[in-house]
Amino acid sequence: MTYSDYFKIIDEIRLAKNITVSDLCEGIISERTYFRHMISNKGIKFDVFSKLAKKLGVTSEELVHYSVFVRKGDPGVTRFMYRVQVKHFDDIAELYPIMIDYKHDNYEMNLLLKTYVKKYQYYINKISYVEYKEWLKECLNLTKELTNEIDAISNIRALYLQEFSDDVQVLDTLLDYYVKSNHSIGFTFKLFGIDSILSLMVNTKYSTVENVKLLSEKFNEMLLRFDHKYFSMNSLLFSAYYYKLIDDFENLEETLAKYYLNLRLMIGYEDYDLKIMQLKTIFNIDPVELLKKYSEKQFKSSKFILKNS
Amino acid sequence: MRRTMMNYNSKRDDTRFIIDYLDQIRAERKISIKDFTDKVMSVRNYTRLLNKEAAISFEALSLFLEKLSVPLFDFGGYLRNSKIYENLDIVNFVNTAGQEDYETAYKEYYTPIKDKLENPPIMKKLLPISVAMMEYKLNMSTKYESIDKIKSVLQLSSIISSKVLFSEDLDALGFYMLICNDEAKTLIGEYLYKVLFNKKTKILTGTVELSTIQVHLNAIMALTRRETIPNRDHKKIYRIFKSFLEYDKKAKMAIWDYLVFRDMKDYNMKCNIKDDLITYHYISSVISIRDSNKISDDIILNQNDIDVYYDLLKDEEFARESMYERLIKS
């Protein structure tokens, strides 16, 4: 994608909105410069691009996203990673062959993509668990000089920790980073990373009250900006676990009931069975009875109005 | 040293925040300006950028982002998120109005945003539209005054004739449908139906899957909330609904799925259709929502609805099925 390609996108949107070049350029650049930018990569100023985008009523971020994910024909990198992260493979078959050969411009993103490819291959028994773990160790070694601030790297380390949870040093530094990090940047990979770490922490020795609280709060804060049903479901589990740690039974029951109802919707078959077993083991509950009790309470609340048929 | 700058009139430029955000990332990562600018430009030129005496080029921006290992699309997301955090008052107002909780929007969020109404830094369409809706709902203006204000901002004919659907327009349509007449709803519904199935219109947004789900939601809302629904639209409505189920099964994104099930349940009632699965999903989507404050409307049920819900709760086979499996098959 060249800089002049971004200008071609500006022009596509201009045409879609029936705006003349003259009207678009007025007060920003000359028409001659506008057309020159579409064929030459030299001397293109980002502020000019931003001003033209603003005049068209779009943000520069939307334009970049449009160019990367829509116009170009989205190769599906983020979508693939997301599908592997949530372990949902309905539409992954079309993406997987592309991801095997895909080379991302960014070195760290390339490693992250490869890690998710390996994880998927492990899930579908294309490689063994040992091979997957070997890759994770190799990846950690390749990137040991790089900081957690590179979001692809922190995400790789979160995936590594899911299989090597005893690596306390990596865990501690990653926890510290996630709690303090600014999630305005690298949002998606931070979301994946925190989701992985919290999943690791539920009902294991790695969870201290403080760590679970801080990381859950961070996760929930991120979901305020971009609420997402699957991660929202997980946040209920993480919150429930925190309530268990602090013996807050009232909030625990409500949160678990909601979690279970989401689980019934979103997860099926063997994965559902595994999750139910996890729920019963960690919380020692009958989820159906808990849900019935919670539902009865809800129907009696002021939110629900019962009318005659 | 490559030429990466030009002099410009800083009074005309309001995009200079880009360099500020770039520098913020540099500072957060504790990279010195000297190291940051090495092989890109001189420290002096970088300082000129920071002082807004010059503008950054695409080339320089790309080189800096490469040094930070930040892909361009991620930087774009960072700009957007940063703007949101700087204008949380506007975001909170629009979101609260969007949940149709106009009283809270007015009491808690209206005063801080009043000064920004003339030239909002973000949500240039959504803010005036949500204010107009609030004024109507709180009897501060008549319905027609609010409709006029909304129409002048929305420019519906321009949206529905465009080959690109912008995310703010999509949100704005959602607001407009709460107040417009059947004719407008039909126009919007037909347009969104084409967006979904014609594929000639591209959706321009930061989150394609989320926006696609929103298109489904708005399309169902537009077509089912009319006073009179022609029989010929029945197939269309169900096609959109099935498409929503199949799409969200893959994306698992829709936290406001209860709106879809609510509209489908109401539509079924109008057509005297009994559908237990829709009833169950409506109730469970309300009960399971993480933040119940997001649902501002009352949930009206009868005893039969509640019985259906409890019956399906007991169904172990149903519990184990994959997302919307039974609904999609039915």
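Located above this text is the structure these notes cover.
The present account deals with the structure reproduced in this document. Note that the structure is a prediction, hence the values are computed from the model and not measured. (Residues numbered from 1 in each chain as written. Chains lettered and ligands numbered in written order. Predicted model: local features only at pLDDT ≥ 70, side-chain atom pairs only at ≥ 80, totals over all residues. Heavy atoms only, no water.)

### Digging into the overall build of chain A
Filter applied, for reference: The helix count covers DSSP runs of H or I at least four residues long, the strand count covers runs of E at least two residues long, and both are numbered beginning at the N terminus. Three exposure classes are used, based on accessible area relative to the maximum for each residue type with a 1.4 Å probe and protein chains only: buried under 20%, partly exposed in between, and exposed over 50%. By definition, residues are in contact when any of their heavy atoms lie within 4.5 Å. Under the convention used here, a 1.4 Å probe and the Shrake-Rupley method define accessible areas, while residue burial counts only the protein chains that appear. We treat Lys and Arg as the positive residues and Asp and Glu as the negative residues; His and chain ends play no part in the count. By convention, charge coordinates are those of NZ in Lys, CZ in Arg, CG in Asp, or CD in Glu.
A count of helices and strands for chain A gives 17 helices and one strand. Sorting the 309 residues of chain A into buried and exposed places 57% on the buried side. Taking contacts inside chain A between residues at least 6 apart in sequence as the whole, the part at least 24 apart equals 61%. Accessible surface for chain A amounts to roughly 13600 Å². Of this, 50% is attributable to carbon and sulfur atoms. Of the side chains in chain A, 42 bear a positive and 43 a negative charge, and the two mean positions are spaced by 3 Å.

### Quick word on the overall build of chain B
Tallying secondary structure elements over chain B gives 19 helices and three strands in all. Its C-alpha atoms put chain B at 75 × 50 × 40 Å along the principal axes. For chain B, buried positions account for 55% of its 330 residues. In chain B, the share of contacts with a sequence separation of at least 24, taken over all contacts with a separation of at least 6, comes to 69%. Of note, chain B has its 51 positive side-chain charges centred 7 Å away from the centre of its 49 negative side-chain charges.

### Some thoughts on the environment of S40 of chain A
Take S40 of chain A: it is sitting in the loop between helix 3 (31-39) and helix 4 (46-55). With 37 residues separating them in the primary sequence, S40 of chain A and Y3 of chain A have C-alpha atoms 8.2 Å apart.

### As for the packing of helix 8 (residues 107-123) of chain A against helix 10 (residues 151-163) of chain A
Residue and element names in this part refer to chain A. What counts is decided by this rule: Orientation is described by axes fitted as lines to C-alpha atoms, over the contacting stretch for helices, and by angles from 0 to 180 degrees between their N-to-C directions. The cut-offs work like this: below 35 degrees is roughly parallel, past 145 is roughly antiparallel, 65 to 115 is roughly perpendicular, and the gaps in between are oblique. Left-handed is the label given to a crossing in which the near helix is rotated counterclockwise from the far helix by less than a right angle, and right-handed is the label when the rotation is clockwise. Three classes are used, and their members are as follows: Ala, Val, Leu, Ile, Met, Phe, Trp, Tyr, Cys and Pro are nonpolar, Asp, Glu, Lys and Arg are charged, and the others, Gly among them, are polar.
Their axes nearest at 8 Å, the elements helix 8 and helix 10 cross at an angle of 25°. By the angle class used here, helix 8 and helix 10 are roughly parallel. Here helix 8 runs over helix 10; the crossing is left-handed. When helix 8 is examined against helix 10, the residues E108, M109, L111, L112, T115, Y116 and K119 are found in contact with a partner set consisting of A152, I153, N155, I156, L159 and Q162. Tallied by class, the residues present in the contact of helix 8 with helix 10 amount to eight nonpolar, three polar and two charged.

### Thoughts on the interface of chain B and chain A
Quick note on the threshold: The quantity reported as buried area is the accessible area (1.4 Å probe) lost by two parts once they are put together, taken as the sum for both. Salt bridges, as used here, are contacts in which a Lys or Arg side-chain nitrogen is within 4 Å of a carboxyl oxygen on Asp or Glu. Counting of polar contacts relies on pairs of N or O atoms within 3.5 Å, with two restrictions inside protein: one atom must be capable of donating a hydrogen and the other of accepting it, and residues adjacent in sequence are counted only when both atoms are side-chain atoms. Pairing between strands is defined by DSSP: at least two bridges between the two strands are required.
Tallying the contact residues gives 93 residues for chain B and 86 residues for chain A. Across the chain B/chain A interface, buried area totals approximately 8200 Å², and carbon plus sulfur atoms make up 59% of it. Remark: the boundary between chain B and chain A carries five salt bridges. Between D90 of chain A and K249 of chain B there is a salt bridge; the shortest N-O distance is 3.6 Å. Our enumeration of links across chain B and chain A arrives at 32 residue pairs in polar contact (both at pLDDT 80 or more). Each residue belonging to the side of chain B that touches chain A can be placed in one class, and the counts come to 46 nonpolar, 23 polar and 24 charged. The sheet contact formed by strand 1 (residues 304-307) of chain A and strand 3 (residues 299-302) of chain B spans four bridges and is parallel. If you follow L306 of chain A over to strand 3 of chain B, its bridge partner there is L301 of chain B.

These figures come from the coordinates and say nothing about function on their own.
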